[in-house]
2 protein chains.
Amino acid sequence: MTYGVALRLDCGIVFAADTRTNAGVDNISQFRKLHYWRRPGDRVIVLLTAGNLGISQSVVSILNEQLAETSGVEHNLMTATSMYRAARIVGDAVREVRRVDGEALETTRSGFFASFILGGQIGSEPPRIFQIYSEGNFIEAADDTPFLQIGEHKYGKPILDRVAQSGMRLGEAAKLVLLSFDSTLRSNLSVGMPIDLLLYERDSLDVRRYSRIYQDDEYFKKLSGSWASALREAFGKIEEFKG
Amino acid sequence: MTYGVALRLDCGIVFAADTRTNAGVDNISQFRKLHYWRRPGDRVIVLLTAGNLGISQSVVSILNEQLAETSGVEHNLMTATSMYRAARIVGDAVREVRRVDGEALETTRSGFFASFILGGQIGSEPPRIFQIYSEGNFIEAADDTPFLQIGEHKYGKPILDRVAQSGMRLGEAAKLVLLSFDSTLRSNLSVGMPIDLLLYERDSLDVRRYSRIYQDDEYFKKLSGSWASALREAFGKIEEFKG
């Protein structure tokens, strides 16, 4: 399992993904699920992946091969003229993997399953985030719901629902995203640290704030502890049920 | 979908279940999923149901038919000598329904699926809670995890994980359970109000606090509002991410 989230703000985008993959609970590994491409001053494109690791690695490999000058592919992540075009390129890569592996995977219980969050900024476009499905089609986050989640999204959603606002600062939104991870990590063993965290600042057209948050990270430990106490304290202040 | 939860305390048990059932989003009805049987001074037995409504209603019908003097059934919920025996009676009823409907349901995409929480107190035994599966087998909640959940359990679990303690008062635990519902109702449309809530006081061997909480319930509205503000306030107090 995986947990990945992107939160689109007026001032940029916060991306986060865990790094645990598993084939059964007795076969756990660490893999990167946050990938990015950039050309400073022109574009930053970030991809979070969830689902079958074989599929998502193949998608990333295809996207990278397209960037090689010798690939002969006309449209790639570096030539895409908008984030919408970039999402179509990723969707096409998913469909290519399905052509190769789909039939074999569909015979298994888990099927052909992968999902992606693609986000970033190209040139003068505002930052945008998309969710791309196993079928290669996609949706874009709009103002009503400024965040997208992939993988094990349920445990971490209540806090996002109540607190996420597009007016937040990057550091504030990163705190929120880490709290959403904290709830998820407590409940689903197949989501595991470290967490890859990327704070994209609007119009910077570069990646300047990228961190990998480990189990023993001081900020994360403090965040998790303070939040648990704050919740208990808030709980204590509310009137009991008398019925 | 359904959400049902039982929280076992030193001073009793809190049970809650929503009342929405649906066959697709365009076919929604209200059905009771919290059932109880009692003989004051002797026993209180509460059953929460989730999953296929046909299965869970059949299980309840079988349990009720067993209670008719003419049924000729030796063991029923009123003669069971312990909650463990009562759980076996419910498990047997699930297996009986499977014998009748299992084959036909297994050919469908949703399969033969139902789950149950059974709890209560019989005579001088302490109050106990069990989770009973589609296969008719079951587990009992122990001190490490004093609550059990069925149905759409993920959204409402983080708050239970952080706050639930067996030393809570009944009214305090009911507040917690309603907050867990609040998170779930916001995220899953197929879980719907009203909520049936039963607060069983240890050794009372009777049902004295049973309420149905409707959408416009003043306490629930206040709870939901206060909790959202308390969460945002607690969030604001924690240091931002600086990395």
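Anything mentioned here points back to the structure above.
This one's a predicted model, so the numbers in the text were calculated from it and none came from an experiment. (Residues numbered from 1 in each chain as written. Chains lettered and ligands numbered in written order. Predicted model: local features only at pLDDT ≥ 70, side-chain atom pairs only at ≥ 80, totals over all residues. Heavy atoms only, no water.)

**Quick word on the side chain of Ser134(A)**
Item 1. Topologically, Ser134(A) is positioned in the loop between strand S8 (128-132) and strand S9 (138-140).
Item 2. Once you skip the residues sitting within four places of it in the chain, Ser134(A) turns out to touch Val94(A), Arg98(A), Phe112(A), Phe113(A) and Ala114(A). (Helix = DSSP H or I, 4+ residues; strand = E, 2+ residues; numbered from the N terminus. Contact = heavy atoms within 4.5 Å.)

**So, helix H4 (residues 170-187) of chain B**
Note on helix geometry: an α-helix contains 3.6 residues per turn, so any two residues three or four positions apart are oriented the same way.
Item 1. In this model, H4(B) (18 residues) spans 26 Å end to end at C-alpha, consistent with the 26 Å of a helix rising 1.5 Å per residue.
Item 2. Taken across its 18 residues, H4(B) has 17 buried, putting it largely inside the fold. (Expected span 1.5 Å × (residues − 1). Buried < 20%, exposed > 50% of the residue type's maximum accessible area, 1.4 Å probe, protein only.)

**Thoughts on the relation of the copies chain B and chain A**
Item 1. For the pair chain B and chain A, the superposition axis carries a translation of 0.0 Å, the fit reaches an RMSD of 0.0 Å, and the rotation angle comes to 180°. Both copies of the chain, as the preceding transformation shows, are related through a two-fold rotation axis. Every residue of chain B has its C-alpha some distance from the rotation axis, and the shortest such distance is that of Tyr155(B), at 2.5 Å.
Item 2. By residue overlap, the copies meet face to face through one surface: 100% of the interface positions of chain B are interface positions in chain A. (Least-squares fit on C-alpha atoms with pLDDT ≥ 70 in both.)

**Remarks on the packing of helix H1 (residues 53-67) of chain B against helix H2 (residues 83-106) of chain B**
All names here are of chain B.
Item 1. As a packed pair, H1 and H2 sit with axes 9 Å apart at the nearest point and diverge in direction by 135°. As summarised for this structure, H1 and H2 are arranged oblique, according to the angle between their axes. For the crossing formed where H1 meets H2, the hand is right-handed. Residues Ile55, Ser58, Val59, Ile62, Leu63 and Gln66 of H1 touch H2, and the partners they reach there are Ile89, Val90, Ala93, Val94, Glu96, Val97, Asp101 and Leu105.
Item 2. Here the contact of H1 with H2 is built from residues that sort into 10 nonpolar, two polar and two charged. (Axes fitted to C-alpha atoms, helices over the stretch in contact; angles between N-to-C directions. Parallel < 35°, antiparallel > 145°, perpendicular 65-115°, else oblique. Left-handed = near helix turned anticlockwise from the far one by under 90°. Nonpolar A, V, L, I, M, F, W, Y, C, P; charged D, E, K, R; others polar.)

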